[in-house]
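Inside the fold
This is what each chain is made of:
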Amino acid sequence: HRGWRRWLERVGLARPRAVGDGDPRTAALLAALGRLRIDERRSVVLFHMVGMVRRDIAVLEQVTEETVLYRLRRAHQVVSEGLADELSSVLGVAPA
């Protein structure tokens, strides 16, 4: 969707950024985020990293606020589960 890409370019988030060299926590988070669908990832980035409210994300994405809320809830679940798996291997303990 061009609208959100242009907006991200304006706020300086459109270009890929280098991530921490070898930080296992960063790698675990990125792996967990990689399990999300692209629309869920966009919602997470816009909400948690850009600081947009759900209403504005809904307008930008041309969906309902309920859809944005669903995406954020599902993303939270997927990332939480993914981090539990990834971090347990990083820390050398069995997942809870």
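Only a predicted model underlies this, so the values are computations on that prediction, with no experimental measurement involved. (Residues numbered from 1 in each chain as written. Predicted model: local features only at pLDDT ≥ 70, side-chain atom pairs only at ≥ 80, totals over all residues. Heavy atoms only, no water.)

Re the overall build of the protein chain
On a plain count of helices and strands, the protein chain comes out with five helices and zero strands. Counted from the first residue to the last, the protein chain has its helices and strands arranged as α-α-α-α-α. The buried share of the protein chain, reckoned over its 96 residues, is 26%. Here the contacts in the protein chain between residues at least 6 apart in sequence split such that 57% fall between residues at least 24 apart. (Helix = DSSP H or I, 4+ residues; strand = E, 2+ residues; numbered from the N terminus. Buried < 20%, exposed > 50% of the residue type's maximum accessible area, 1.4 Å probe, protein only. Contact = heavy atoms within 4.5 Å.)

Some points on the nonpolar core
With 13 residues, the main nonpolar core has Leu 36, Val 44, Leu 46, Met 52, Ile 57 and Val 68 as its most contacted residues. For this core, the secondary-structure elements that each account for two or more residues are helix H3 (38-50), helix H4 (54-61) and helix H5 (65-91). The dominant element in this core, judged by the number of residues it contributes, is H5, at five residues. (Core = buried A, V, L, I, M, F, W, Y, C linked by side-chain atoms within 4.5 Å.)

Re the confidence of the model for the protein chain
Here the protein chain averages 79 in pLDDT, while 65% of its residues score no lower than 70. Summarising per-element confidence for the protein chain, the mean pLDDT is lowest in helix H1 (residues 2-10) (66) and highest in H4 (96). (pLDDT = per-residue confidence, 0-100.)

Topic: the pattern of salt bridges
Within this structure, the stated rule accounts for seven salt bridges. Residue Glu 61 pairs with Arg 42 through a salt bridge whose shortest N-O separation is 2.9 Å. You can see Glu 61 sitting in helix H4 and its partner Arg 42 sitting in helix H3, a full 19 residues away along the chain. Arg 71 is paired through a salt bridge with Glu 61; the nearest N and O atoms lie 3.3 Å apart. Of this pair, Arg 71 sits in helix H5 while Glu 61 sits in helix H4, placing them ten residues apart in sequence. (Salt bridge = Lys/Arg side-chain N within 4 Å of Asp/Glu carboxyl O.)

Describing unusual backbone geometry
Here the phi dihedral of Gln 62 falls at roughly 60°; this positive angle occurs in a residue that is not glycine. We classify Gln 62 as exposed; its relative accessible area is 62%.

Things to note about the side chain of Glu 40
In this fold, Glu 40 is placed in helix H3. With relative accessibility at 0%, the residue Glu 40 sits in the buried group. Among the polar contacts listed, one links the side chain of Glu 40 to the backbone nitrogen of Arg 37, at a separation of 3.0 Å. Among residues more than four places away in sequence, those in contact with Glu 40 are Arg 71, Arg 74 and Ala 75. (Polar contact = N/O pair within 3.5 Å; in protein donor to acceptor, adjacent residues only side chain to side chain.)

Notes on H4
Looking only at H4, the buried set comprises Ile 57, Ala 58, Leu 60 and Glu 61. For H4, the angular spread of the buried residues around the axis is 165°, confining them to a single face. Facing away from the buried side of H4, by more than 90 degrees, are the exposed residues Arg 55 and Val 59. At the exit of H4 stands Gln 62, carrying a positive phi of roughly 60°. (Arc of directions from axis to C-beta.)

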